[in-house]
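# Geometric and topological summary
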Amino acid sequence: MFEAVYSEMFPFWEKISQADRAYICGNSESVTYPKGKNIHNGSECSGVILVRSGCLRLYIMSEEGKDITLYRLQRGDICMLSASCVLDAITFDVFVDAEEDSQCCVVSGPAFAAVSQRNPDIRIFALETAVSRFSDVMWVMQQILFMSMDRRLAIFLLDESARIDSDTIALTHGQIARYMGSAREVVSRMLKYFAAEGIVEVSRGGVTLLDKKRLRSLAL
């Protein structure tokens, strides 16, 4: 199973020796994480995670316990930031949770690191994979530091609606606040304003988008 998955997801797969391929496969496991499970807790080397199905959330956490979502990983995505032993330049703690029931392939961090030492193509891939995600991280920081709350919320609601392909977003105010790196009270006030303007409908089931055109104008 691993051979077929890795040949599809790792661009370097055909460039490395059969022995190294066998070593990576022999140090891999297929894991199903239940929704809410913490997969990676800080700076440990949990391994390289390939998402087969479901959704993982990567976030950072303050000393006070406040967390900020950096980005999400879905089917076909690869998490390198959970393998600090592969990328020595990772000096900050990143946390990973299963946002949905998720099936993943996990390559042992030390095994992946050992093979990468013999194969420059793997080192380049690992670095490029990690760097490609920093644009997502910078986008989050830009929103938090420089954008107004109404624009940030409009962007979040539109992005989430597109991600789940539904106009009804089944998240609580607290969950939305956590994903946005804001306070629940601030999100609740802004949602109340959006509802009064007829842009959304707020219910116990979550938030339903009523006027995407208005939301898009706010998101610009």
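A short tour of the structure in this document, coming up. (Residues numbered from 1 in each chain as written. Predicted model: local features only at pLDDT ≥ 70, side-chain atom pairs only at ≥ 80, totals over all residues. Heavy atoms only, no water.)

## Concerning the packing of aromatic side chains
Our working rule: Note on aromatic pairs: the rings of Phe, Tyr and Trp (six-membered ring only in Trp) are paired at centre separations within 6.5 Å, and the planes decide the class, stacked below 30 degrees, edge-to-face beyond 60, tilted for the rest. The rule is simple: take the accessible area with a 1.4 Å probe, protein chains only, and divide by the maximum for that residue type; under 20% is buried, over 50% is exposed, in between is partly exposed.
Taken as a whole, this structure holds twelve aromatic pairs when the rule is applied. Judged by centre distance (4.8 Å) and plane angle (20 degrees), the ring pair of F10 and F12 falls under stacked. Accessibility expressed as a relative area gives 2% for F10, which makes it buried. With a centroid separation of 6.0 Å and 50 degrees between ring planes, the pair formed by Y193 and F194 is classed as tilted. For F194, a relative accessible area of 0% corresponds to the buried category.

## A few points about the environment of G65
This is how it is decided: Labels follow the DSSP assignment, with helices taken as runs of H or I lasting at least four residues and strands as runs of E lasting at least two, numbered in each case from the N terminus.
Inspection of the secondary structure puts G65 in the loop between strand 4 (55-61) and strand 5 (67-74). Distance from G65 to E160, taken between C-alpha atoms, is 24 Å for residues 95 residues apart in sequence.

## Points about the state of the cysteines
Our working definition: Two cysteine sulfurs form what is called a disulfide whenever their separation falls within 2.5 Å.
All chains considered together, the criterion is met by zero disulfides. Here C55 stays free of any disulfide, with the sulfur of C104 as its closest cysteine sulfur at 10 Å. In this structure C55 comes out as buried when scored by relative accessible area, which is 0%. Take C105: it sits in no disulfide, and the sulfur closest to it among the cysteines is that of C104, at 7.8 Å. With a relative accessible area of 0%, C105 lands in the buried category.

## Topic: helix 7 (residues 184-196)
The following threshold applies: Helix span, as expected, comes to 1.5 Å for every residue beyond the first.
Across its 13 residues, helix 7 extends 18 Å between first and last C-alpha, which sits within 8% of the 18 Å expected from 1.5 Å per residue. Residues V187, S188, M190, L191 and F194 constitute the buried set of helix 7. One or two positions beyond helix 7, positive phi appears at G198, with a value near 80 degrees.

## Side note on the pairing of strand 4
So the rule is basically this: A pair of strands is considered paired only if DSSP assigns at least 2 bridges between the two.
Counting buried positions along strand 4 yields five of seven residues, so the element is predominantly enclosed. Judged from the seven bridges that link them, strand 4 and strand 5 form a sheet pairing that is antiparallel. Each bridged residue has a counterpart across the sheet, and for C55 the counterpart in strand 5 is Q74. Here strand 4 hands over to strand 5 after five residues, with G65 in that stretch at a positive phi of 95 degrees. Alignment of strand 4 against strand 7 (residues 94-98), held across four bridges, turns out to be antiparallel. The partner of R57 across the bridge, within strand 7, is D97.

## Examining the sheet that holds strand 4
Note the threshold: Under this scheme, a helix contributes an axis fitted over its contacting stretch, all axes are lines through C-alpha atoms, and angles between N-to-C directions fall in the 0 to 180 degree range. Pairs of residues are marked as contacts when any of their non-hydrogen atoms sit within 4.5 Å.
Pairing is antiparallel in the open sheet, where four strands are placed in the order 2-7-4-5. Taken across any chain shown, the strands that pair with only one partner, and hence form the sheet edges, are strand 2 (38-42) and strand 5. The mean angle between the axes of side-by-side strands here comes to 20 degrees, regardless of whether they run parallel or antiparallel. Against the sheet, helix 4 (residues 120-146) touches strand 4 and strand 5, its axis set at about 145 degrees to strand 5. Helix-sheet contacts for helix 6 (residues 173-180) involve strand 4 and strand 5, and the interaxial angle to strand 5 is about 90 degrees.

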